Amino acid sequence: MNASLLAAALTCAERGWPVFPLRPGSKRPALHGEARCPRTGPCEPGHRGWEQRATTDPDRIRRAWASGDYNVGLATGPANLVVIDLDVPKPDAEGPDGAAHLRTLAEQHGQPVPTTRTVRTPSGGTHLYFPAPLAARLHNTAGTLAPLVDTRAWGGYVVAPGSILPTGRYESVAPFALRPLPPWLRGLLTPPHPCDQAGAATTGRQGYGSAYARAALDGEGANVRTAREGTRNATLLRAARALGRLIAAGDLTRPVVETALQGAGEAAGLGAAECAATIRSALNWSLAHNPAGRQAA
């Protein structure tokens, strides 16, 4: 057992942030998947994923980390956190990093770059921690705000400070205090309430469109979340292609669909990057093969 990793897990728990073990030296959950669920212990009533099994119970944490050098996964939704992940370009890519894109986004809104609790990742990126707004249940986004700027909330997790990858350690850096999510960022991340549509049935102006479109969005999201292991990516692909037709018709907006499907895919157990790539490819295909989509482009 690595005492520093156990201490990192307990530190999160002391703050009220539920944690679960990640594979040693990795960012992937160490818990079993649905296909291999023994239906015993905490899963006796039915399979429980990492978000449901994340805990702040120090005794459970000590027992779990006593069996291996596990990294620490922090379940952002149950922790009531929104974490903005500012990534860096791949080694063979050029261009600004996520932090630069966030600065540009802030300038476009006439606002300063937000400061809050910050964690530096081994790749050179940063995680910005914010308390989740009480009035909205936010989910993950991937590139919706800007390139290389993702968010983690319900359905997502981050690797907690103190965790170790072969390339380095996740480290807390100043500032250390949590600051509120700035209103302009909260507005960009919060999907409008369906009751606030005022004529959006034909224009899709508020993002959710008609009652039919909202039902389709909810239904496809549920299909993805409950898809069995081995079928999840294909289910996500079909859902994105189906909803792409509603984007082309003006009944939904692309950011709303991307956010909903990203959260559903990650809740089902797919990786964030895999979800984002599948959704982007499927929506591009759907819009390219839909006449309305070609006109809108």
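What counts and how
Residues numbered from 1 in each chain as written. Predicted model: local features only at pLDDT ≥ 70, side-chain atom pairs only at ≥ 80, totals over all residues. Heavy atoms only, no water. Helix = DSSP H or I, 4+ residues; strand = E, 2+ residues; numbered from the N terminus. Rg over C-alpha atoms; globule rule 2.2 N^0.38 Å. Buried < 20%, exposed > 50% of the residue type's maximum accessible area, 1.4 Å probe, protein only. Contact = heavy atoms within 4.5 Å. Areas by Shrake-Rupley, 256 points an atom, 1.4 Å probe, with all protein chains shown as cover. Lys, Arg positive; Asp, Glu negative; His and termini not counted. Charge placed at Lys NZ, Arg CZ, Asp CG, Glu CD. Pairing = 2+ DSSP bridges. Axes fitted to C-alpha atoms, helices over the stretch in contact; angles between N-to-C directions. Phe/Tyr/Trp six-rings, centres within 6.5 Å; stacked < 30°, edge-to-face > 60°. Lys NZ or Arg CZ within 6 Å of the ring centre and 35° of its normal. Core = buried A, V, L, I, M, F, W, Y, C linked by side-chain atoms within 4.5 Å. Parallel < 35°, antiparallel > 145°, perpendicular 65-115°, else oblique. Left-handed = near helix turned anticlockwise from the far one by under 90°. Nonpolar A, V, L, I, M, F, W, Y, C, P; charged D, E, K, R; others polar. Salt bridge = Lys/Arg side-chain N within 4 Å of Asp/Glu carboxyl O. pLDDT = per-residue confidence, 0-100.

1. Quick look at the overall build of the protein chain
Piece 1. In terms of helices and strands, the protein chain carries 11 helices and 11 strands.
Piece 2. A compact globule built from 297 residues would reach a C-alpha radius of gyration of about 19 Å, and the protein chain, at 20 Å, matches this within 12%.
Piece 3. Seen through its C-alpha atoms, the protein chain measures out along the principal axes to roughly 60 × 50 × 40 Å.
Piece 4. Residue burial in the protein chain is summarised as follows: out of 297 residues, 45% are buried.
Piece 5. Of the contacts made within the protein chain by residues no fewer than 6 positions apart, 71% connect residues no fewer than 24 positions apart.
Piece 6. Looking at the protein chain as shown, the accessible area adds up to about 14500 Å², and 52% of this sits on carbon and sulfur atoms.
Piece 7. When the 31 positive and 23 negative side-chain charges of the protein chain are each reduced to one mean point, those points stand 3 Å apart.

2. As for the sheet that holds strand β2 (residues 71-75)
Piece 1. A sheet is described by the order of its strands in space; here 3 strands give the open sequence β1-β2-β8, paired in antiparallel fashion. This sheet does not close on itself; its edge strands, each paired only once, are β1 (19-22) and β8 (157-159). On average, each strand axis in the sheet is tilted by 35 degrees relative to the strand beside it, whichever way the strands run.

3. Concerning the packing of aromatic side chains
Piece 1. Tallied over the entire structure, the rule returns 5 aromatic pairs.
Piece 2. For R137, the ring lying beneath its charged end belongs to W154, and the centroid distance is 3.8 Å.
Piece 3. The residue whose ring lies beneath R241 is W285, and the NZ or CZ to ring-centre distance is 3.9 Å.

4. Remarks on the nonpolar core
Piece 1. One finds I61, W65, L74 and Y129 to be the most contacted residues of the largest nonpolar core, which totals 29 residues.
Piece 2. Every element with two or more residues in this core is listed here: α1 (3-14), β1, α3 (58-65), β2, β3 (81-86) and β8.
Piece 3. Among the elements that take part in this core, α1 stands out by supplying 7 residues, more than any other.
Piece 4. If you look at the next biggest cluster of nonpolar residues, it comprises 22 residues, including A240, L246, L261 and A264.

5. Points about unusual backbone geometry
Piece 1. A cis amide bond links A174 to the next residue, P175, at an omega of 0 degrees.
Piece 2. Along the chain, the position of P175 falls in the loop between β11 (171-173) and α5 (183-189).
Piece 3. The residue N80 is not glycine, and still its phi comes out positive at about 55 degrees.

6. Remarks on the packing of helix α8 (residues 232-248) against helix α9 (residues 254-268)
Piece 1. Axis separation between α8 and α9 bottoms out at 11 Å; the angle between their running directions is 165 degrees. With respect to α9, the element α8 is oriented roughly antiparallel. For the pair α8 and α9, the sense of crossing is right-handed. Here R232, L236, A239, A240, L243 and I247 of α8 come into contact with α9, specifically with R254, V257, L261 and A268.
Piece 2. Taken together, the residues of the contact of α8 with α9 sort by class into 8 nonpolar, no polar and 2 charged.

7. A short note on the sheet that holds strand β7 (residues 149-152)
Piece 1. As summarised here, the arrangement of the 6 strands in space is β6-β7-β3-β5-β4-β11, forming an open sheet in which the pairing is antiparallel. Two strands in the sheet have a free side with no partner beyond their single neighbour: β6 (141-146) and β11. Neighbouring strand axes in the sheet, compared pairwise and without regard to direction, differ in orientation by 30 degrees on average.
Piece 2. Judged from the 3 bridges that link them, strand β4 (residues 117-120) and β11 form a sheet pairing that is antiparallel. Bridged to R120 within β11 is E171.
Piece 3. Contacting β6 and β7, α9 runs over the sheet at an angle of about 150 degrees to β6.

8. Some points on the environment of W50
Piece 1. Within the secondary structure layout, W50 lies in helix α2 (residues 50-53).
Piece 2. Those residues in contact with W50 that lie beyond four places of it in its chain are F20, P29, L31, A75, G155, G156, Y157 and E266.

9. With respect to the pattern of salt bridges
Piece 1. Taken as a whole and assessed by the stated rule, the structure comprises 4 salt bridges.
Piece 2. Close ionic contact of D59 with R62 constitutes a salt bridge, the shortest N to O distance being 3.7 Å. Placement of the pair is D59 and R62 together in helix α3, with a separation of 3 residues, close to one helical turn.
Piece 3. Assessed through its relative accessible area of 43%, R62 is described here as partly exposed.

10. Details of the confidence of the model for the protein chain
Piece 1. In the predicted model, the protein chain carries a mean pLDDT of 86, and 91% of its residues have values of at least 70.
Piece 2. pLDDT under 50 marks residues 193-208. Its contacts with residues more than four places away, or in other chains, come to 35 contacts.
Piece 3. The low-confidence segment residues 293-297, where pLDDT is below 50, has 5 contacts with residues more than four positions distant or belonging to other chains.

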